[in-house]
Every structure is written in structure tokens, then in C-alpha cells.
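Listed below, chain by chain, are the residues.
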Amino acid sequence: MPELVFHTGPMDCGKSTLALQLDHTQSTHGRQGRIFTSRDRSGRARISSRLGLETPATEVDEEFDFWTHVIAQLVAGRRIDYLVCDEAQFYTGEQVEQLARVVDELQIDVYTFGILADFRTKLFPGSQRLVELADRVETLPIGPLCWCGAKGTHNARTVNGLMVTEGSQVVVGDTGAGEIRYEVLCRAHHRRRMTATRARATLGEDPLPFGE
Ligand SMILES: Nc1ncnc2c1ncn2[C@@H]1O[C@H](COP(=O)(O)OP(=O)(O)O)[C@@H](O)[C@H]1O
Ligand SMILES: Cc1cn([C@H]2C[C@H](O)[C@@H](COP(=O)(O)O)O2)c(=O)[nH]c1=O
């Protein structure tokens, strides 16, 4: 049975890497896929992984229609067995519904990848619709750690080093350096706005995971 699968986890847990691995495995076994992304960090229409792998992808903007796109390819005589869809948190609810229709009516597997929630812990619309419609939601097994050593579960946004809880839902960025950056924290430290920088300033150079 074809499936709509949502692979999710916080930033930097290996989603894009898994998307590329999945495409590689499927294509080396003779299956024909199509690759999509939306607002990749690289600034180009590509799936790019922090491990260094990348591959061209079709950019999904707000106007993009998966159903029309796939039908056009099939009508032109091209075969499609599966779709790989990265940064799916940025898709609209309607686009996720189109993906579900592609699975149900065209018997095409759809593998989606994206973060669940934004820096305010609110679900992205695309992710919410995927949780509602997917046949399976898979959480990646390995993820980043909070500075305290606990499992990193929540995405924090920092502006000039300070964690913020207001602003646009979408600001493309990375977990490395930069004026606006992201840091994955455990829930307790996200709730207390205790980033690694703040922990160092408050608790000393080598903060222990207790008593802040
Ligand atoms: N040099 C490296 N060697 C091994 N793993 C790495 C290296 N650089 C990054 N990673 C791993 O790559 C993963 C991030 O991959 P990526 O696919 O970009 O994540 P996501 O799409 O979830 O943001 C992390 O698990 C990180 O530990
Ligand atoms: C938390 C959060 C993230 N984003 C952006 C930042 C990145 O460009 C992507 C996530 O990419 P990754 O491959 O999972 O690392 O989402 C955002 O726009 N708003 C947010 O709140």
C-alpha cells in the first residue's frame, strides 16, 4: 500500500540526510522519484544536508500544486513511484492535502520531512496537516542535545545571542553562527529561555546541568 509518511524531529536531527538516503536507496533499486523542497537554507532549490550531501529539487512556493504537477508528468508519459518532500513545515495545508490525494488516487509513495513546531513551540501549518493526514509519523532516532546534555526537543531562535519568543514564524536560518540563529534545547531550558550562552553567563564557563 502506498503511504504518506511524515519524518519529523527538531532542527539538525538528520531529516535532510535521511531524505537524501531514502532517495538514493529507492532510485538505486529502480524506482523513479521526484524531489521537492521549500526555502532550503542554501538559498537554492536543493535539499542540502549538514553532512555535505545535496541534490537539486523542485521548489515548492505557495502557488505550487502537487496534484497538477504530478498529473502533468504522468500525462507526458513519465513514471513516478515516489515523492521526497523536504522542509515540509513550510508547505500549506492545501499542499499537504494534495500529497494525500497523490498517495490515495495515484498509488505514489510520499515521504515528507520537516520540523513540527516553530521557535514559539507552535505547530507549522504544513506539519499540523501532516500529523492529521499522514499514515505514519516517524520521529528521527538521533537528535541534537541541549547544552545540559538532555535530549534537544524544542527549537529556540536567538537574535544577537538572546532567545526571542516573538517574530515572524518563518525566518530561514541555521544552528551555527549569525545574527539570527537557532538552538535546540530541552523543554525545560526552552521554557526558561536558558540558551547555552545564557547558561555560561549565569552559571560559569562549564555549566553543570543542575540548579540554574
Ligand atoms: N561532520 C559530521 N560528521 C557526522 N555527522 C555530522 C557531521 N556534520 C553534521 N552531522 C550530523 O548531521 C545531522 C544534521 O543533518 P541534517 O540532515 O542537516 O539535519 P536536519 O535536516 O534535520 O536539520 C546531525 O545529526 C549532525 O550530528
Ligand atoms: C524553528 C524555526 C525554524 N525555521 C527555519 C529555519 C530553517 O531554515 C528551517 C529548518 O531547517 P532544518 O533543515 O530542520 O534545520 O526552518 C523557521 O523559519 N522558523 C522557526 O521558528
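Cut-offs used in this document
Residues numbered from 1 in each chain as written. Chains lettered and ligands numbered in written order. Predicted model: local features only at pLDDT ≥ 70, side-chain atom pairs only at ≥ 80, totals over all residues. Heavy atoms only, no water. UniProt positions renumbered as here; feature names shortened; annotations may be inferred. Helix = DSSP H or I, 4+ residues; strand = E, 2+ residues; numbered from the N terminus. Buried < 20%, exposed > 50% of the residue type's maximum accessible area, 1.4 Å probe, protein only. Contact = heavy atoms within 4.5 Å. Axes fitted to C-alpha atoms, helices over the stretch in contact; angles between N-to-C directions. Nonpolar A, V, L, I, M, F, W, Y, C, P; charged D, E, K, R; others polar. Pairing = 2+ DSSP bridges.

Taking an unreviewed UniProt entry as the reference, the protein chain is identified by name as Thymidine kinase belonging to Arachnia propionica. Per UniProt, the comment on the protein chain under Sequence similarities (unreviewed entry) is "Belongs to the thymidine kinase family." As stated in UniProt under Catalytic activity (unreviewed entry), the record for the protein chain gives "thymidine + ATP = dTMP + ADP + H(+)".

1. Some words on the environment of R129
Within the element layout of this structure, R129 appears in helix α4 (residues 125-133). The exposure class of R129 is partly exposed, given its relative accessible area of 24%. Sequence separation between R129 and V96 is 33 residues, and the spatial gap between their C-alpha atoms is 6.5 Å. Setting aside chain neighbours within four positions, we find R129 in contact with G93, V96 and E97.

2. Re the packing of helix α2 (residues 66-75) against helix α3 (residues 93-106)
Contact geometry for α2 and α3: axes closest at 8 Å, N-to-C directions at 40 degrees. Note on element contacts: α3 touches α2 through Q95, Q98, L99, R101, V102, E105 and L106, opposite F66, W67, V70, I71 and L74. Each residue belonging to the contact of α2 with α3 can be placed in one class, and the counts come to eight nonpolar, two polar and two charged.

3. Overview of the sheet that holds strand β11 (residues 180-185)
Across the sheet, three strands lie side by side as β10-β9-β11; this open sheet has antiparallel pairing. Every other strand in the sheet has two partners, leaving β10 (162-164) and β11 as the edge strands with one partner each. Between one strand axis and the next, the sheet turns through 45 degrees on average, direction left out of account.

4. Brief notes about the UniProt feature "binding site: substrate" (unreviewed entry) in the protein chain
Per the UniProt record, "binding site: substrate" (unreviewed entry) is found at V170, V171, V172, G173 and Y182. With respect to the helices and strands, the residue V170 is situated in the loop between β10 and β11. Exposure remark for V170: the relative accessible area of 31% places this residue in the partly exposed category. Those residues in contact with V170 that sit more than four places away from it in its chain are R39, F90, F124 and R157. Its location among the elements puts V171 in the loop between β10 and β11. Owing to a relative accessible area of 26%, V171 belongs among the partly exposed residues under this scheme. Not counting residues within four places of it along the chain, the set of residues in contact with V171 comprises R157, I180 and Y182.

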